[in-house]
Amino acid sequence: MSSASLHSITIENGGKLVFNDAPKSPITLKTRYILIRNGGELHIGAEKCPYNSTATIILYGKSTDALNVEHFGQKFIGVDKGGILELHGRKSLSWTFLAQTLYPGGLQSGAYRFDKYWGSRGINVRVIDQGTAKVLAAHRFDTHLWANESRRLQEFLRCQPRGRVVAIAVGDSASRRLTLSARNDLSELLGSKEARYLGYRQPWAAVGVIGESSTVEDKQLYQPNGSTDMAVARRDFQTYNGIHFTVTAFSEWVRGVPHCGFRVGVSNSVILNLMDDATSWLPGDQIVIASTDYSMHQAEEFTLLPCPECNIYQVKIGKPRYLHMGEVVDGIDMRAEVGLLSRNILIKGEMEDSCDGQNFCHFFSYDTFGGQIKILRNFASVHLSGIELTNMGQQILGSYPIHFHLAGDVDQKGGYNPPTYVDNVAIHHCFSRCVAIHATNGLLVKDTIGYDTLGHCFFLEDGVEQRNILYHNLGLLTKPGTILPSDRNEIMCISIRNRVCGNYIPVPNTDCMAVTTFWISNPNNHLINNAAAGAQDVGVWYIFHRAPTGESVGKFPEGQSEFTPLGIFYNNRVHSNFKAGLFIDNGVKTTKCNDNDPREVLAIDFARFRPHQNADPRQPRVPAVIDGLIAFKNNDHGAWARGGDIIFRNSGFSDNGIGLTLASDGTFPTDEGSSLEVTRSVFVGESINVGCNGGQNRYWGKGAHGEYRTLPRNRTFPIRGFQIYDGPVRLTQCTFKKYLSSHGRYCSALGFFMRNPWQISPQNNVSQVKLESSVNLEVFFGKPGQWFGTNSLDGDWTSIFHDLDGSVTGFPDTFVARADNYLVRHPGCLIVPRWNGVICTGKYAQLYVQAWHPENPSLLIAKDLYPSHPLKLQGVNRRAPYQQYQPVVMLEQAYILSWNGSTPEQIVLYPINFNRGDWIQVGLCYPRGTVFKVMSDINQRPNGGVHSVKRYKAASSLSILQKNPSKSLYFFDFSSGILFIILQAKHVRKGHSYCSKHGCERVRILAHINSWETSSCLQMGYSKKGTSDLGHLSPLTGRVAASCSQCGAPQVAITSDPHRTYIRVQIQSQSRADIQNGHKFAFIKVNDDVFLFEKPGLFFVTIDACSGEILSRQHFDTVQALPAADSIANYIHATIPERSITLVCSRDDSGWPLIHVSSAFLRLGAAKPIKFFMEGSFAMLGFKGQLKPAWIKIISHSVGQLAASLQQYVPLKLHEYGCPGKVKENRRDLKLFQDLISPI
């Protein structure tokens, strides 16, 4: 039987349903559901014998049907206790990357289209570069009305170099003043036979090549009724890269209206170049190409076309609408993912024509009641591979395309051998998630695609799921759904209120709007080689359930997931997400709504990631390592991480609104001190990936160089590479490129969290940073305006970091702070106006102040060096019975604290980040009749214990206090109303802890205030009260002069194949015009090796494609064209060895054209002979070998064009190069994967 339609199927008690594998007899099974239990089995293929025919299972039914199977619902394949489900389709490449950039319309310059009706009178001309299909010039010559237009037309055509394509279309009429001389030029230069006889209002179109004897042309007679047939000229050409394109010109009259135009576009179809062998992809298969821009909606689907001429790395498609990058850009791998959506085993839901039943039809116009696969605990065996799921999932809790529901341990630990897996599955156009892992551990999800789905895609549900392995999966176009608050968009969030209490209206930005491709609710899971290529909100989100939720309530102690160490995170990429690529922060609300908290359960909530050994906060911290993250074109953040300790390394960030923000676990006094770090990473502001307008990209405007490009957030949004929030954070061995501020938009390598009400640690530090010459704003502290507001919140004022080695400022061991923060300044500081910053020497720490009764005053604090420049801090009151402030202070200085309003009755001072012996003098303003009780103690933060309590005594004078800083003394100056205390740390502090291992030293001041007068002590004289010693506050000296060889990221590029070696090549030619303008050198650069060329001619540099060794350099003087041509041809054919990367550069080539050598470049990968231009320029990245790599690039420019230049990251040791011996690759990803799946 080749097909069957059944009501339902139950397989049990040893029953088996096996699909026959007959390639010529596809099978279709239609049923409401299939239930497998108690020894029942469903088999389509086997792991070692994949199914080769075509099988389709259609699940049908409407949500309004009465049928509802307990635990499963409707339209399902369900596996209950004892059931076996084995589906194994044909093995195929699941997804790969583009190996060559795919341009809109298939051409690098884009498809060209021009239509004109009135206003086109005369001869309309387009000049096209034959090597690139780029339209170089567009002019109109009104040879009907003006006599001098013929002369201008002749001058224009005569200045075009030989080989240029010229397209001509008459608009209205062109013959009246078209001179015989101009007609002759059209005939001689283009080979036109019709130009001499062009008559009044005759439509004429021609496409020819300057210097060739024939042209394609068409002419029609004008008709008295005002309508003519269309004159169409069409001719095919080929670029140097082998792309076939068509140039079309046309001219006509339509009911008395003239119409003419041009088209330049790919001839028929486009060949995709891929990174992997795609011979398993067949004509008729569906593929998807991910967006490489800010909008996920630029993902495009294609049907593969027959392509007999394709090699094993190529497939053929139709014409794309958008730009999809296929190369490493400015050192960051931006190659688009390409996924196969078709499989030979298809499971799909049968859908209604429109939304039906109670399925949120006010949000969805289409039916969302699809099919589902659900697996319950104690199943016997489930393995899914090589299958396609579409129209699956329902907007109902628990009904997903693939759902492991409360299945427990599904690997060897649970007795499953082989372990359970979902491998090489395509899930697309589905209605609720992709793969849901619910209270299930040890599941392998590998090579699986989730495309165009609603709600979180790869979804870990209750916060108890652990040891699951997500390896080489692709998720893209993840859209909002309705099931959980975090799934919903703004409208859904406000509208769905059936689980909130009272009249509470959800707040979208804080309760919802978190739909994510990889939703990881427990950190003890493993992500390797995955791609989150476009979600409405976030690509990968580590979210923390303070307590297990749903049906897992009570399985873990409260807070355990926040303390659980991170599993493996290696070589994942996130791009084209609206909010963030990677997000490590927050939790979900774990309780139902109540009067005190009316929000819905599972709304976004507060949590912090604090990994410790064995998830025990009493044991040492375990750093969470984010290794090999690539984040680009995320509208807001490339990555945001809060917690500690967290380390980012070997990562790349490009074209994000903000590259990376690191925020601390918490701040004093709730946190004992932790750190975050980013190292060996690359940050790029605005790359050469300019994006593509359309596809729901919100902002299209000018970049730093005046080029039009897509923009993040807003046209004026201040772009930042690395953003400091609070800290402490470390930035070391990182490279910054292309952070260029322009008119109306700040763009800085380093920046600070905007409108920050909280503290910033002076232990934030940077070292071994490389700021390339393309960075013109190294640091920016903000300025009042649209984005920074008043720029006067506490964290705004106190922004600071420590430049350990001077790699940012040029001055080692200096601090960089806001220019108008006089608490950190001294006379030796250097002001940097464009940063709104200041560079200072000195030692810095923080003073933490708690103020009780009243709890809401603002604090004025002034250093005695600058009494007229106090800093006003608003403080933060986060549901605490006190106000808290954390100014950064310079050590060994004196400060006065006053209050805007009544003086607090109790003040607690903590010297935090003080090392033993560090001190400051503090003066506090009080009314003159105040009586004090001053005490010190050491607070043990974890348990709230207090020890080493001491009562302070009153000193008789300020000088006695100053001479005895280690004694427990205070002095109250009745004349000024200032209470003086010296805060000095007495214990050793280690690492990033705020305090010593003994606890936090503090001084508590209890004041009995008899008068409520407002003290004006800030206006009193400081000269007799200060203890500040300016001797150690020297001006800046010792500027770093030499370049830092160890600075910056050590990698040439951050790529998704880190086992592969890349070289960066740059070619810059020079035309005659460049030399006349004073440019001395052309050059070729290979990584850091620069080869300068001062002589005219052609220059070759050859590189071994297997080892990267530079083999030779060769110069050819082209002044004598013919001898040079023979030498070049012989060099290419006989001297350059096989498997060679060949770089070619020109300088002042007055001897062009080298006609005799042009075909020799075919041996280096050109698709056709090269056209060299007199006094032009030439650059080529070629390869001599059996196969033609996709990275080959050729640019040949004529006089008047910019000098030819190119930059490319070229991989070494590719399989197609044919390197001798077996190429050894250090596949750390495979090693990690094998270790994870090895038997326990």
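Anything mentioned here points back to the structure above.
Definitions and limits used
Residues numbered from 1 in each chain as written. Predicted model: local features only at pLDDT ≥ 70, side-chain atom pairs only at ≥ 80, totals over all residues. Heavy atoms only, no water. Pairing = 2+ DSSP bridges. Helix = DSSP H or I, 4+ residues; strand = E, 2+ residues; numbered from the N terminus. Axes fitted to C-alpha atoms, helices over the stretch in contact; angles between N-to-C directions. Disulfide = S-S within 2.5 Å. Buried < 20%, exposed > 50% of the residue type's maximum accessible area, 1.4 Å probe, protein only. Salt bridge = Lys/Arg side-chain N within 4 Å of Asp/Glu carboxyl O.

1. Quick look at the sheet that holds strand S14 (residues 165-171)
Taken in spatial order, the five strands make up an open sheet running S13-S12-S14-S15-S16, and their pairing is antiparallel. A single partner strand is all that each edge strand has here, and the edge strands are strand S13 (135-141) and strand S16 (215-219). Strand-to-strand twist across the sheet, computed as the mean angle between neighbouring axes with direction ignored, equals 10°. Direction of pairing for strand S12 (residues 122-128) relative to S14: antiparallel, over a ladder of seven bridges. Its bridge partner lying in S14, Gly122 is registered against Gly171.

2. Brief notes about the state of the cysteines
Defined simply, a disulfide is a covalent bond joining two cysteines at their sulfur atoms. Tallied over the full model, the rule gives ten disulfides. The disulfide partner of Cys307 is Cys310, and the S-S distance across this bridge is 1.8 Å. Here the disulfide of Cys307 and Cys310 is right-handed, its torsion about the S-S bond being about 85°. Look at Cys307 and you get buried, because its relative accessible area is 17%. The disulfide that involves Cys1106 links it to Cys1219, with 2.0 Å between the sulfurs. Across the S-S bond of Cys1106 and Cys1219 the torsion is about -100°, and the bridge reads as left-handed. Placement of Cys1106 in the loop between strand S83 (1097-1104) and strand S84 (1110-1116) and of Cys1219 in the loop between strand S88 (1205-1211) and helix H10 (1228-1237) is noted, with a sequence separation of 113 residues between them. Residue Cys1106 shares its accessibility class with Cys1219, and that shared class is buried. With no disulfide of its own, Cys734 has Cys1047 as its nearest cysteine by sulfur position, at a separation of 11 Å.

3. A closer look at the pattern of salt bridges
Applying the stated criterion to the full structure yields 57 salt bridges. A salt bridge links Arg121 to Asp142; the nearest nitrogen and oxygen atoms lie 2.9 Å apart. Of the two residues, Arg121 sits in the loop between strand S11 (112-116) and S12 while Asp142 sits in the loop between S13 and helix H1 (148-158), which places them 21 residues apart along the sequence. Judged by relative accessible area, Asp142 falls into the buried class, the value being 6%. In this structure, Asp409 and Arg467 form a salt bridge, with 3.4 Å as the shortest nitrogen-oxygen distance. Here Asp409, found in strand S31 (residues 402-409), pairs with Arg467, found in the loop between strand S37 (458-460) and strand S38 (469-471); they are 58 residues apart in sequence, far enough to count as distant.

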